[in-house]
Number of protein chains: 2
Amino acid sequence: MSEYKVLGRDIPRIDGAPKASGDAKYTADFHLPGTLCGRILRSRHPHARILNLDTQKAEKLPGVKAVISSKNTPHIYYGVTIFDQVLFDPEKVRYLGDEIAAVAATDADVAEEALSLIEVEYEELPAVFDPLEAMKPDAPLVHEDSGQYASTFDVKGRTGNVACRTWFGCGDVEKGFAESDEVFEHTFSTQQNHQTYLEPHASLAQPDGRDGLTVWSSTQGVFNLQALVAKVWALPMTKVRVIGSIVGGGFGGKKPRADMYAAGLALRSGKPVLLQFTRDEDFIAGLPRHPTTTKIRTGVNRDGRIMAREAKLDYDTGAYADHGPAIAAGGAFYARGVYRVPNVSAEAYTVYTNKPISGAFRGYGAPQSIFAGDSQMDIIARELDIDPIDLRRLNAMDHGDSLVNGQKLNEVWLKKTLDSAARHADWDGKPLSSGNGKRRGRGAASGMHVSGGLSSSANVKVMDDGTVQVSSGVIEIGAGQITMAAMVAAEELGVSVDDVRVVSADTDATPFEYYTAASRVTYNVGNVVRLAAEDAKRQLVERAAHVLEVPAGDLAVADKKVFMPGAPERSMTFARLSKAKGPKGGGPILGRGVFEAQGPPINVDCIDGNPRPGVATMTFCTHIAEVEVDEETGEVEVLRLICSHDVGQIINLGGIIGQLQGGVTQGLGYALIEEVVYSGGVIENPSLVDYKVPNILDVPPIVHDFIEEPEPTGPFGAKGFSEAVLVPTAAAIANAVEDAIGVRVKDLPITPEKVLKGLAGCGKTPMGWCFGQD
Amino acid sequence: MSEYKVLGRDIPRIDGAPKASGDAKYTADFHLPGTLCGRILRSRHPHARILNLDTQKAEKLPGVKAVISSKNTPHIYYGVTIFDQVLFDPEKVRYLGDEIAAVAATDADVAEEALSLIEVEYEELPAVFDPLEAMKPDAPLVHEDSGQYASTFDVKGRTGNVACRTWFGCGDVEKGFAESDEVFEHTFSTQQNHQTYLEPHASLAQPDGRDGLTVWSSTQGVFNLQALVAKVWALPMTKVRVIGSIVGGGFGGKKPRADMYAAGLALRSGKPVLLQFTRDEDFIAGLPRHPTTTKIRTGVNRDGRIMAREAKLDYDTGAYADHGPAIAAGGAFYARGVYRVPNVSAEAYTVYTNKPISGAFRGYGAPQSIFAGDSQMDIIARELDIDPIDLRRLNAMDHGDSLVNGQKLNEVWLKKTLDSAARHADWDGKPLSSGNGKRRGRGAASGMHVSGGLSSSANVKVMDDGTVQVSSGVIEIGAGQITMAAMVAAEELGVSVDDVRVVSADTDATPFEYYTAASRVTYNVGNVVRLAAEDAKRQLVERAAHVLEVPAGDLAVADKKVFMPGAPERSMTFARLSKAKGPKGGGPILGRGVFEAQGPPINVDCIDGNPRPGVATMTFCTHIAEVEVDEETGEVEVLRLICSHDVGQIINLGGIIGQLQGGVTQGLGYALIEEVVYSGGVIENPSLVDYKVPNILDVPPIVHDFIEEPEPTGPFGAKGFSEAVLVPTAAAIANAVEDAIGVRVKDLPITPEKVLKGLAGCGKTPMGWCFGQD
């Protein structure tokens, strides 16, 4: 029996019914009178100098209300890590899709026609598409002059097309290798995959008649977007309001891409402008996952203890840095895996190419590095003839161990996930029985992901009738964030979830909050909502004590009342208390919470002089995949996925199961199916017809196994896990495939073609990486 | 040279340009897709029993999406002072206009047709329209059973049609009269006038797909409206969001009248519903000023010193109490005038009649009582042969005097207004010279009005670029409230007004605030914005001190920077500070202000057991009117109005001049022109064609004379004065008319007919009051 009244139950999502019924209005469903259609003209070349740009014909087309280009817009550099982007670069285009101009017109046909009337004279330049090629000294430069860009990251590592070098390490890696009995070195590669949220990027901007505007956006962070729109249009932030629309999926990709252009077109036309990406545009101009190569070298003792690990990671960030250096830093951070490796050196290079921009996607560097590291773990286990789970247990981090950044973790529940997953899988180290031309196998992998970070604030108000309003700047992107906030407030105040209204994601309405990202919402926002609710409760009790003339310590709170247990007449409803006076007077009951995720500072040599906070908390997990491989077709069918996760206290049981199923499915797609296919700088499959994601038939039974060990710093012991869920999936499946057929695929996705080539001996993928054996 | 950088200047209103350009969107300008038209069916009888109500035909009419009536809605009693109203009373109608049913349909024509299809069978009842008749024992009862209503006021004084008796007094009035040399007794009466805001009541309600809704309203208080909509529809407040639209004028009258019906129609139809009153409907169902009679008896010494005052006030509240008892209490409070009267007894009766509901209108009881009391002051002066201004000076309240409720005022600037107004008028006590068939005269009157009350809260945030966001629940109703808030924040933080964004009037977005009413916004909201800005400034300085490693006390704030005077390198911009860490960590700079207007408790025998807070602060004023009366036509032309006001520190010079001009013009209309004319229970002039208000040609030169004595408890010494501006105008004009032609009109408005009758001897108005002489 749980000690909680609300937490741990399966509560229907607050945003669920309107989404299911169609009542929910997404950005493109808004109808503001006189709304114009916005469209962007994009480069047709992956790399070219702009010799001439003429928008006059477009401007004269009846129905065209605004045309913006480098000729009439500020050239203000912006970026997440390196300020290497402008609205429109007057000099050149760096990828097929780079913004040349944008128009707003009375309808889509006119807008499209206007785009066709814009004349651009290009001088094509040699382009580079492969990050390894791009790092060569004679490679064409995507960005000529690194000196022009400011940066939130130190760019001292920058040379040529290397935007940034990031590094994590500990111990003495040379010494570690010297002390090792065996050293394993492999190179793994991962593909680009796209978030494929159902709703493409959409932004609606409405001028306010006073040189300012309101932007409704499918975004993961309204305050970050507000700052960016203000910056690029040289407006004070007071002029920009951003309201988070209902978001049709984010997964890290709903960062500003359409908003700056919608905003500018609205400012210039004086009319509301809706700019919604088409699906192919979203593939070209969205921010999918970085393709990577990871060379990983691991030294072990004969008994399996890992002594040293060295990794070199190359992150293809495309034409602009965006989150690249930070994600590559994540990759370097996670390259040590979940293991107690005393000597580590992991360096990651973020490399410019003439390809679309890569960005943040659930996992933020961890899926790539854990795929490499935990694939290699099974290779090592096989070589040393140790059971793969035993090898992991032997090296697993435990309570009190430190991360690669030197940060000590008091609690590490990794071993519990290993044990629990193995138990659910009836793991005995022996291959699964196979038959009828298909061979079965299973594989395990363990991962981790940070949860939480940065500061948060929230308000909790008790209204006149005793119901409760929670105000948080966080945006719901489909993972149940606002239901979580309501549940936390309800639990703390002793009210029902129905008694709580959550106001969120409006720069005018809600206290500051960072992105819905980094698995930080349950942890950070949960904490701050709880603190605000506590504050409101304290005020309620203080007032009741004052009016009832009893010590506050004698009072209890439940059912929207403050009461003295055992004395029913000593009781006041929240409604009455909201209007009563306390020792300090009357006025509304307004609780406030402020929280800053703590962690020791991390020093990373790439990062600028300021020490960065370490991780707030960490969540660990182990997945076991059971697969069946058809040796004739090369097809891999996943039969079952056992997912054991250290999740802390569960807030919403239905929500966490949903996150697990969705995230594991995304991991399955990453492992087996999804890939943005390029031919040079051209995406060959920019549609949901050609770009495949798992459908319901691809998803096997998922065993969800939640290890509920309360996180001491989390709200009621909760923490985030929504990124961790896909981190080890690809490695577990790759390990299972090798278990089944003896083929080691080190290049995601594990396609039938690669499996067949592996079965046939040794093959080469177009990326040039060996799979099968090496 | 002012010590302030922002205050006291004439700053263009933040809301001014969009209102002038037409960009401002009022409630009826919104376009939500699928919005239905709402209409209310109103009683055609002033008093009738409802025998039968059949809405079936209306429901079946194509295009009708919802019909609500007493048959399908909650019967929950609500009210401001007495809970005597329901959405639809199933039993009877109490005035011509009482709500019977409401419909929502695809357009206005269908809605009107639907209304015509609703069948109502009435049994007409005897009605009462005159409050004096209504108080007689055998009068028809407007409300049969007083026991059924809860009340925020004690209704122990209630008998028959008297809704409530309220009383204020001090000293021993019998003793006072016994000690007087002469006793004067007169009866004055005032008409009903209407706020005639340009925008009639309008409400737009949109269901949220989750049993809740958002209401956009032309309202003076979003939080009060939220509570009311939730109450009458039996919803938790969490289900109701209210957003204040741009308000096309309020003056006290924009209290909930349309919103409850728009909300219900939206909930029942599942569609957005716009309900906008027509102009005649706004006359019938708005909340205009109470018509009153005031019998006033004043005892004076031979030297003019007032010894005693007794007053009996009758307030015709119409069919429901609404604010009536509180306004009548205001009338009783102000019946003592601005004078040091030691013995006072003033009782006010709020009386039900079968007429439309009276409500709050700029002045809240003061205009009626000051008209009576300060008209009588001139009668007394004439009888005693004392200059009227000298008589006022002799009796004027001064620093340290107490109000009738026993509350001591440390500062009273009344005498300064008397002296200053007299100086501006070249007052010498002699009649103005007259000629050419027209006679000139002048008259003075003094008044006061409360400023401020109740509690307030606000937030001030420093954004990433150093600009500032103020968040307050207050709604701008056209008096410059949000510009005031921006100026106060700008002054406190040392930024420009352009650097400040004010977010206001949204129950989801902004901290709790009461109505924009009671001249409380500059005082209360100003105070709380200042406190919040101070809090933000303190945080900025604390961070700068931490980073710069200097004592906080050595730092100054200006130009969006914290700096060490004389050491330019020791400086940090607000922008940098917003992202820096202080001794307690980082996160957003968010200042918070909470303020409760203070004053000693008042005990009024009508008011319930809880002592009420006294006035926060009081503003005093003197008006001198110069008039010319045409003895042939009886027409009164006001030649000049000298308005001397104790306003505290001026915030926005342009704003205060605007308020003065508007308020004095409204007072002029009240004195001379405006009247809601009844024939029984029927309004005869419910249109702006037939109901006259002053136009530009009626407005004389207004001399604005601001006495800027800082109010110690106000923000930078400011206080409110927007109601005081019309309080003494009618008495000043009446006194000037008597000065010109010797006719004393004691019944507002002072129409040519009454003037001519006065010149002809003694006449009777339809109300039965003698004017001319008595």
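Our subject in this report is the structure included herewith.

Conventions used here
Residues numbered from 1 in each chain as written. Chains lettered and ligands numbered in written order. Predicted model: local features only at pLDDT ≥ 70, side-chain atom pairs only at ≥ 80, totals over all residues. Heavy atoms only, no water. Contact = heavy atoms within 4.5 Å. Buried area = accessible area lost by both parts, 1.4 Å probe. Salt bridge = Lys/Arg side-chain N within 4 Å of Asp/Glu carboxyl O. Helix = DSSP H or I, 4+ residues; strand = E, 2+ residues; numbered from the N terminus. Buried < 20%, exposed > 50% of the residue type's maximum accessible area, 1.4 Å probe, protein only. Pairing = 2+ DSSP bridges. Axes fitted to C-alpha atoms, helices over the stretch in contact; angles between N-to-C directions. Parallel < 35°, antiparallel > 145°, perpendicular 65-115°, else oblique. Left-handed = near helix turned anticlockwise from the far one by under 90°. Nonpolar A, V, L, I, M, F, W, Y, C, P; charged D, E, K, R; others polar. Least-squares fit on C-alpha atoms with pLDDT ≥ 70 in both. Arc of directions from axis to C-beta. Polar contact = N/O pair within 3.5 Å; in protein donor to acceptor, adjacent residues only side chain to side chain.

Here we look at the interface of chain B and chain A
Stage number 1. Tallying the contact residues gives 49 residues for chain B and 49 residues for chain A.
Stage number 2. Interface of chain B and chain A: buried area, both sides summed, is about 3800 Å²; carbon and sulfur atoms make up 50% of it.
Stage number 3. Area buried by chain B at its contact with chain A is led by B:Thr238, B:Arg501 and B:Arg592, which between them contribute 18% of it.
Stage number 4. B:Arg501 serves as the salt-bridge partner of A:Asp508, at 2.7 Å between the closest nitrogen and oxygen.
Stage number 5. Those elements giving two or more residues to the side of chain B that touches chain A turn out to be α6 (222–232), β11 (240–244), β17 (455–462), β18 (468–472), β19 (500–504) and β23 (589–596) of chain B.

Some remarks on the pairing of strand β17 (residues 455–462) of chain A
Side-chain direction in a regular strand flips from residue to residue, so the side chains alternate between the two faces of the sheet.
Residue and element names in this part refer to chain A.
Stage number 1. Burial analysis of β17 places 8 of its 8 residues in the buried class, which makes it a mostly covered element.
Stage number 2. In β17, alternate side chains face the same way, and those of Ser 455, Ser 457, Asn 459 and Lys 461 on one face and Ser 456, Ala 458, Val 460 and Val 462 on the other are all buried.
Stage number 3. Relative to strand β23 (residues 589–596), β17 is paired through 8 bridges, and the arrangement is antiparallel. The residue bridging Ser 455 from the neighbouring strand is Glu 596, located in β23.
Stage number 4. In terms of strand pairing, β17 meets strand β18 (residues 468–472) through 5 bridges, oriented antiparallel. Bridging across to β18, Asn 459 finds its partner in Ser 471.

Observations concerning the packing of helix α16 (residues 653–672) of chain A against helix α17 (residues 729–741) of chain A
Two quantities define a packed helix pair, namely the angle between the helix axes and the distance between the axes.
All names here are of chain A.
Stage number 1. Where α16 contacts α17, the axes come no closer than 8 Å and their chain directions differ by 50°. If you check the angle between α16 and α17, you find them oblique. Of the two elements, α16 crosses α17, and the hand of that crossing is right-handed. Facing Val 664, Gly 667, Leu 668, Tyr 670, Ala 671 and Leu 672 of α16, the residues of α17 in contact are Thr 729, Ala 730 and Ile 733.
Stage number 2. Of the residues assigned to the contact of α16 with α17, the class counts are 7 nonpolar, 2 polar and no charged.

With respect to the pattern of salt bridges
Stage number 1. Under the counting rule described, the total for this entry stands at 96 salt bridges over all chains.
Stage number 2. Of the charged contacts in the structure, one is a salt bridge between A:Asp374 and A:Arg392, with a shortest N-O distance of 2.8 Å. Here A:Arg392 lies in helix α11 (residues 388–395) and A:Asp374 lies in helix α10 (residues 366–384), a separation of 18 residues in the sequence.
Stage number 3. Residue classification places A:Arg392 among the buried residues on the basis of a relative accessible area of 0%.
Stage number 4. For B:Lys537, the salt bridge identified is with B:Glu492, shortest N-O distance 3.2 Å. On the criterion of sequence distance, the pair formed by B:Lys537 in helix α14 (residues 521–548) and B:Glu492 in helix α13 (residues 481–493) is long-range, its members being 45 residues apart.
Stage number 5. B:Glu492 sits in the buried class, given a relative accessible area of 8%.
Stage number 6. In this structure, a network of salt bridges that share partners links the residues A:Arg13, A:Asp15, A:Lys19 and A:Glu476.

Considering unusual backbone geometry
Residues and elements named next belong to chain A.
Stage number 1. A cis geometry characterises the amide bond from Leu 748 onward to Pro 749, with omega recorded as -10°.
Stage number 2. Counting through the fold element by element, Pro 749 comes out in the loop between α17 and α18 (752–760).
Stage number 3. If you check the backbone angles, Glu 549 has positive phi at about 55° while not being a glycine.
Stage number 4. Here Glu 549 shows up in the loop between α14 (521–548) and β20 (556–558).
Stage number 5. What makes Glu 549 exposed here is its relative accessible area of 69%.

Observations regarding the relation of the copies chain B and chain A
Stage number 1. With an RMSD of 0.0 Å, the fit of chain B onto chain A corresponds to turning through 180° and sliding 0.0 Å along the axis. Interpreted geometrically, this transformation is the action of a two-fold axis. Among all C-alpha atoms of chain B, that of B:Ala509 lies closest to the rotation axis, at 1.8 Å.
Stage number 2. Comparing interface residues between copies, 100% of those in chain B also sit at the interface in chain A, which points to an isologous, same-surface contact.

What about the packing of helix α11 (residues 388–395) of chain B against helix α12 (residues 414–424) of chain B?
All names here are of chain B.
Stage number 1. The N-to-C vectors of α11 and α12 enclose an angle of 165°; their axes lie 10 Å apart at closest approach. By the angle between their axes, α11 is roughly antiparallel relative to α12. Seen along the crossing, α11 lies across α12 with a hand that is left-handed. Two secondary-structure elements touch here, α11 through Ile 389, Arg 392 and Arg 393 and α12 through Lys 415, Leu 418, Asp 419 and Ala 422.
Stage number 2. In terms of residue class, the contact of α11 with α12 is made up of 3 nonpolar, no polar and 4 charged.

Examining the sheet that holds β18(A)
Residue and element names in this part refer to chain A.
Stage number 1. The mixed open sheet is built from 4 strands, whose spatial order is β19-β18-β17-β23. Looking at which strands have only one partner, the edges of the open sheet turn out to be β19 (500–504) and β23. Strand-to-strand twist of the sheet, defined as the mean angle between neighbouring strand axes without regard to direction, takes the value 20°.
Stage number 2. Strand contacts of α14: β17, β18 and β23, with the helix running at about 145° to β23, the strand carrying the most contacts.

Comments concerning the pairing of strand β26 (residues 617–630) of chain A
Residue and element names in this part refer to chain A.
Stage number 1. Across the 14 residues of β26, 14 count as buried, placing the element largely inside the fold.
Stage number 2. Bridge analysis of strand β16 (residues 438–451) against β26 gives 14 bridges, and the strand direction is antiparallel. What sits directly across from Ser 451, in β26, is Thr 617.
Stage number 3. As defined by bridge partners, β26 adjoins strand β27 (residues 636–646) across 9 bridges and the pair is classed as antiparallel. Across the sheet, the residue bridging to His 623 is Cys 643, located in β27.
Stage number 4. The hairpin formed by β26 and β27 contains 5 residues between the paired strands, and Gly 634 there has a positive phi angle of roughly 80°.

Digging into helix α3 (residues 108–117) of chain A
Given 3.6 residues to a turn, an α-helix orients residues that are three or four positions apart in the same direction.
Residues and elements named next belong to chain A.
Stage number 1. Buried residues of α3: Val 110, Ala 111, Ala 114 and Leu 115, and no others. Angular distribution of buried residues about the axis of α3 spans 140°; they occupy a single face of the element. Of the residues in α3, the exposed ones pointing more than 90 degrees away from the buried face are Asp 109 and Ser 116.
Stage number 2. In this structure Asp 107 caps α3, since a side-chain oxygen of it lies 3.0 Å from the backbone nitrogen of Asp 109.

Purely spatial values, then, with no claim about function.
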